[in-house]
Structure formats: structure tokens, C-alpha cells
Amino acid sequence: MNALSSLAILIVLSASVALSLEPRLHTPGGALLLFAGSLFISLGFLLFGRLRFDELFASPAPEAPAKR
């Protein structure tokens, strides 16, 4: 796991903890909102976690000449 993805996970976890400490979210609607947000983030990691940032932002490889 590279440093960029570790930092992203740490930021998401810290943000969810900070949001859960808000007194306005200590209601059933707030709990549902936190659950839905966490589910959205978790599904994003499950669906797109296989993508690597370094491969995504890398310049494309030069094309090899066609063999005939």
C-alpha cells in the first residue's frame, strides 16, 4: 500500500470520527446520514481500490513499432 492511499484512508477515517462527534448528528436521521456516507466511501474503496494512483497519473508508454 503506497503512502498516498494510506493518507487518503487516514483522512477519511478522521473526517468520519469528527463528523460523528457533532451533537446535531446524534439523532436517528444523523445516524442514517453517517451510515449512508460510510457505505458510499466503503463501496468506493471496494469498487475502485484496485486502481493505483501511480499508474493512473503515469504518462503513457511509447508505442512499439508494429512488426510485420
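Treat the numbers as computed from the prediction; the structure is a model and nothing was measured.

**Quick notes on the overall build of the protein chain**
Scanning the protein chain for helices and strands turns up 3 helices and 0 strands. If you list the helices and strands of the protein chain from N to C, you get α-α-α. Residues counted as buried form 4% of the 68 residues belonging to the protein chain. Carbon and sulfur atoms make up 72% of the accessible area of the protein chain, which amounts to about 6300 Å² in all.

**Concerning a nonpolar patch on the surface**
Judged by side-chain polarity, Leu32, Phe35, Leu39, Leu43, Leu46, Leu47 and Phe48 come together as a nonpolar surface patch covering roughly 790 Å² of accessible area. Under the relative-accessibility criterion, Phe35 is labelled exposed at 53%.

**Overview of the pattern of salt bridges**
A complete count under the given rule lists 1 salt bridge for this structure. Its salt-bridge partner being Glu22, residue Arg24 comes within 3.3 Å of it at the nearest N-O pair. Owing to a relative accessible area of 68%, Arg24 belongs among the exposed residues under this scheme. For Glu22, a relative accessible area of 30% puts it in the partly exposed group.

**Re the confidence of the model for the protein chain**
Overall, the predicted model of the protein chain reaches an average pLDDT of 77, with 74% of residues at or above 70. Of all secondary-structure elements in the protein chain, the lowest mean pLDDT belongs to helix α3 (residues 53-56), at 58, while helix α2 (residues 28-48) reaches the highest, 84.

Each value, and the rule that gives it
Residues numbered from 1 in each chain as written. Predicted model: local features only at pLDDT ≥ 70, side-chain atom pairs only at ≥ 80, totals over all residues. Heavy atoms only, no water. Helix = DSSP H or I, 4+ residues; strand = E, 2+ residues; numbered from the N terminus. Buried < 20%, exposed > 50% of the residue type's maximum accessible area, 1.4 Å probe, protein only. Areas by Shrake-Rupley, 256 points an atom, 1.4 Å probe, with all protein chains shown as cover. Patch = residues over 30% accessible without salt bridge, like charges linked within 9 Å, V, L, I, M, F, W, Y side chains within 5 Å. Salt bridge = Lys/Arg side-chain N within 4 Å of Asp/Glu carboxyl O. pLDDT = per-residue confidence, 0-100.

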